[in-house]
Amino acid sequence: MTMPHHALEIVLTRPLTAAELRHAAYAWPLAANRDATRLMTLAGGATPERAVHRLRRRLTARLPIDVITTHYPDAHGQILLNLVFPPATFSAVEREAHCAGLIPERFVREALHRALAEHADREADRLDRAVRQLLAGTTPAHLLSAVGHALTRSLESPTP
């Protein structure tokens, strides 16, 4: 039976030097982005969690790892976010989780979901205000035409 492999992304706390990247690549095959702050790899494991655990265990001493994530969403559209808190931060999270009657992982997951939902709401409000401001000076048809034109142009030649 073959073990499934999972595409994982490693976000680093700082760019790697060429020597650091070579040293880490001896332990695990890695592909780096242009500025060596993000790495991609495949890791075997029965579950994404096990694959991330294996990768972290092998590379923590070699790399300044900030976060490891699964690169592709699961069947529910979720990605796995694996991070290690400093001891003082983890103690604070444990205390807050205990007060909320949750395990630390669930506490962090719910806090992250709340923060993302609040961000999405703020972004929707910001866009609504911007569209209303644009509509004050034009018709909906002209605005829609301009948006369609801008989207078509940006798909043809992406801007930096």
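Look up: the structure comes first, before these words.
Residues numbered from 1 in each chain as written. Predicted model: local features only at pLDDT ≥ 70, side-chain atom pairs only at ≥ 80, totals over all residues. Heavy atoms only, no water.

Peer 1: Residues and numbers for the pairing of strand β3 (residues 38-44), please.
Peer 2: In terms of strand pairing, strand β1 (residues 5-12) meets β3 through seven bridges, oriented antiparallel. Within the sheet, the bridge partner assigned to A7 lies in β3 and is L42. Judged from the two bridges that link them, strand β2 (residues 31-32) and β3 form a sheet pairing that is antiparallel. Pairing of A32 across the sheet is with L39, part of β3. With antiparallel pairing between neighbouring strands as the criterion, β2 and β3 make up a hairpin whose turn holds five residues, including A36 at a positive phi of roughly 55°. (Pairing = 2+ DSSP bridges. Helix = DSSP H or I, 4+ residues; strand = E, 2+ residues; numbered from the N terminus.)

Peer 1: Residue-level account of the sheet that holds β1, with values.
Peer 2: With respect to topology, five strands assemble into an open sheet ordered β2-β3-β1-β4-β5, the strand pairing being antiparallel. In this open sheet, the two strands that pair with only one neighbour each are β2 and β5 (81-83). Along the sheet face, helix α2 (residues 48-59) touches β1, β3, β4 (65-70) and β5 and points at about 155° away from the line of β4. (Contact = heavy atoms within 4.5 Å. Axes fitted to C-alpha atoms, helices over the stretch in contact; angles between N-to-C directions.)

Peer 1: Account for the pattern of salt bridges, with residues named and values stated.
Peer 2: The full count for this structure, using the stated rule, is five salt bridges. The shortest N-O distance in the salt bridge between E110 and R106 comes to 2.7 Å. Here E110 pairs with R106, and both are found in helix α4 (residues 104-135), just four residues apart, close to one helical turn. Taking the relative accessible area as the measure of exposure, R106 reaches 40% and is therefore partly exposed. For R126, the salt bridge identified is with E123, shortest N-O distance 2.7 Å. With R126 and E123 both in helix α4, this residue pair falls three residues apart, about one helical turn. (Salt bridge = Lys/Arg side-chain N within 4 Å of Asp/Glu carboxyl O. Buried < 20%, exposed > 50% of the residue type's maximum accessible area, 1.4 Å probe, protein only.)

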